[in-house]
Amino acid sequence: MSNKLAQVLAAIDDANAKDPRMDEGKPEALLYGQRMSAECDRLFPDADDSLKIAARGQHVERWVLARAEYPEGRAGYLKWRKDLAAHHAKTVSGFMTTAEFDAQSIDETAKMLRKEGIKRVANVQALEDVICFVFLKWYFAPFAAKHPDDKVQRIVEKTARKMSADGRARVLEEFDLPPVLAAAFA
């Protein structure tokens, strides 16, 4: 790992260590970032620095923009998500600038964090696959336990649609999903 990459990952971790929400005894955003990095390394062992940084910074300072500060409903949710993506991109870009990454790498990472080019740009799609794997591996079961079956089915279908064909195939290989849910990844 290069010094520049290590510097940016440490900056993201330092920021995420301030998350007041806890999960498994760790700040929630810090744990999420570590899980994202682990899945990125597993799924894309040859990932470039931009993808590694985007994976770690996917939820940097997520608690700063609370969902409750936005209107109820889909429009409020989408505005919150867009504002979060812009915040993540700006924050990570600042860390990369401090570490003296080149402008192209900074721009590419920011685009990944804003999801610009999903299904068209390889690294943006790779990040989305990592996000989906992290969700399925660590967050799906608690989500499913709190929601009715029809909502769980819709979320699984949306997750599958976001993924690449290779990502969906790996889900079917790696997860033991009930047939009704597995069908979304086929």
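Higher on the page you've got the structure.
The present account deals with the structure reproduced in this document. (Residues numbered from 1 in each chain as written. Predicted model: local features only at pLDDT ≥ 70, side-chain atom pairs only at ≥ 80, totals over all residues. Heavy atoms only, no water.)

A few points about the pattern of salt bridges
Then comes step 1: Inspection of the entire model under this criterion finds 13 salt bridges.
Then comes step 2: For Asp 19, the salt bridge identified is with Arg 21, shortest N-O distance 2.7 Å.
Then comes step 3: Taking the relative accessible area as the measure of exposure, Arg 21 reaches 29% and is therefore partly exposed.
Then comes step 4: A salt bridge links Lys 137 to Glu 39; the shortest N-O distance between them is 2.8 Å. Separated by 98 residues along the polypeptide, Lys 137 in helix H6 (residues 122–146) and Glu 39 in helix H2 (residues 28–43) bring together distant segments of the chain.
Then comes step 5: Here Glu 39 falls in the buried class, since its relative accessible area comes to 2%. (Salt bridge = Lys/Arg side-chain N within 4 Å of Asp/Glu carboxyl O. Buried < 20%, exposed > 50% of the residue type's maximum accessible area, 1.4 Å probe, protein only. Helix = DSSP H or I, 4+ residues; strand = E, 2+ residues; numbered from the N terminus.)

A few points about helix H1 (residues 3–16)
Then comes step 1: Taking 1.5 Å as the rise per residue, H1 with 14 residues should run 20 Å; its terminal C-alpha atoms sit 20 Å apart, in good agreement.
Then comes step 2: Residues of H1 that are buried make contact with strand E2 (26–27), H2, helix H3 (49–57) and helix H4 (73–98). (Expected span 1.5 Å × (residues − 1). Contact = heavy atoms within 4.5 Å.)

Remarks on the packing of aromatic side chains
Then comes step 1: Applying the stated criterion across every chain, the model contains five aromatic pairs.
Then comes step 2: Between Phe 135 and Phe 140 the ring centres are 5.9 Å apart and the planes differ by 75°, which places this aromatic pair in the edge-to-face class. Each member of the pair, Phe 135 together with Phe 140, is buried.
Then comes step 3: Through successive ring pairs, a cluster of aromatic residues spans Phe 135, Phe 140 and Phe 143.
Then comes step 4: Taking NZ or CZ as reference, Lys 4 lies 4.9 Å from the ring centre of Phe 101, over its face. (Phe/Tyr/Trp six-rings, centres within 6.5 Å; stacked < 30°, edge-to-face > 60°. Lys NZ or Arg CZ within 6 Å of the ring centre and 35° of its normal.)

Thoughts on the nonpolar core
Then comes step 1: Counting 45 residues, the largest nonpolar core has Met 36, Ile 53, Leu 127 and Phe 185 as the members making the most contacts within it.
Then comes step 2: Looking at this core element by element, the count peaks at twelve residues for H6.
Then comes step 3: When near neighbours in sequence (up to four residues on either side) are disregarded, Met 36 contacts Ala 55, Gln 58, Leu 127, Val 130, Ile 131 and Val 134. (Core = buried A, V, L, I, M, F, W, Y, C linked by side-chain atoms within 4.5 Å.)

A short note on the packing of helix H5 (residues 103–113) against H6
Then comes step 1: For the pair H5 and H6, interaxial distance at closest approach is 9 Å and the crossing angle is 45°. Here H5 lies oblique to H6, going by the angle between them. Viewed along their axes, H5 and H6 form a crossing whose handedness is right-handed. Mapping the contact onto sequence places Glu 108, Lys 111, Met 112 and Leu 113 in H5 and Asn 123, Val 124 and Leu 127 in H6. (Axes fitted to C-alpha atoms, helices over the stretch in contact; angles between N-to-C directions. Parallel < 35°, antiparallel > 145°, perpendicular 65-115°, else oblique. Left-handed = near helix turned anticlockwise from the far one by under 90°.)

Details of a positive patch on the surface
Then comes step 1: On the surface, Arg 74, Arg 81, Lys 151, Lys 158, Arg 161 and Lys 162 cluster together into a patch of positive charge.
Then comes step 2: For the positive patch, the secondary structure elements donating two or more residues are H4 and helix H7 (149–162).
Then comes step 3: Among the elements that line the positive patch, the one with the most residues is H7, at four residues.
Then comes step 4: Mapped onto the fold, Arg 161 is located in helix H7.
Then comes step 5: Of the residues examined, Arg 161 reaches a relative accessible area of 53% and is grouped as exposed. (Patch = residues over 30% accessible without salt bridge, like charges linked within 9 Å, V, L, I, M, F, W, Y side chains within 5 Å. Areas by Shrake-Rupley, 256 points an atom, 1.4 Å probe, with all protein chains shown as cover. Lys, Arg positive; Asp, Glu negative; His and termini not counted. Charge placed at Lys NZ, Arg CZ, Asp CG, Glu CD.)

Considering the side chain of Asn 16
Then comes step 1: Along the chain, the position of Asn 16 falls in helix H1.
Then comes step 2: Ignoring any residue separated from it by four or fewer positions in sequence, one finds Asn 16 in contact with Pro 27, Ala 29, Leu 30, Arg 56, His 59, Val 60, Glu 61 and Trp 63.

All we've got here are geometric facts, nothing functional implied.
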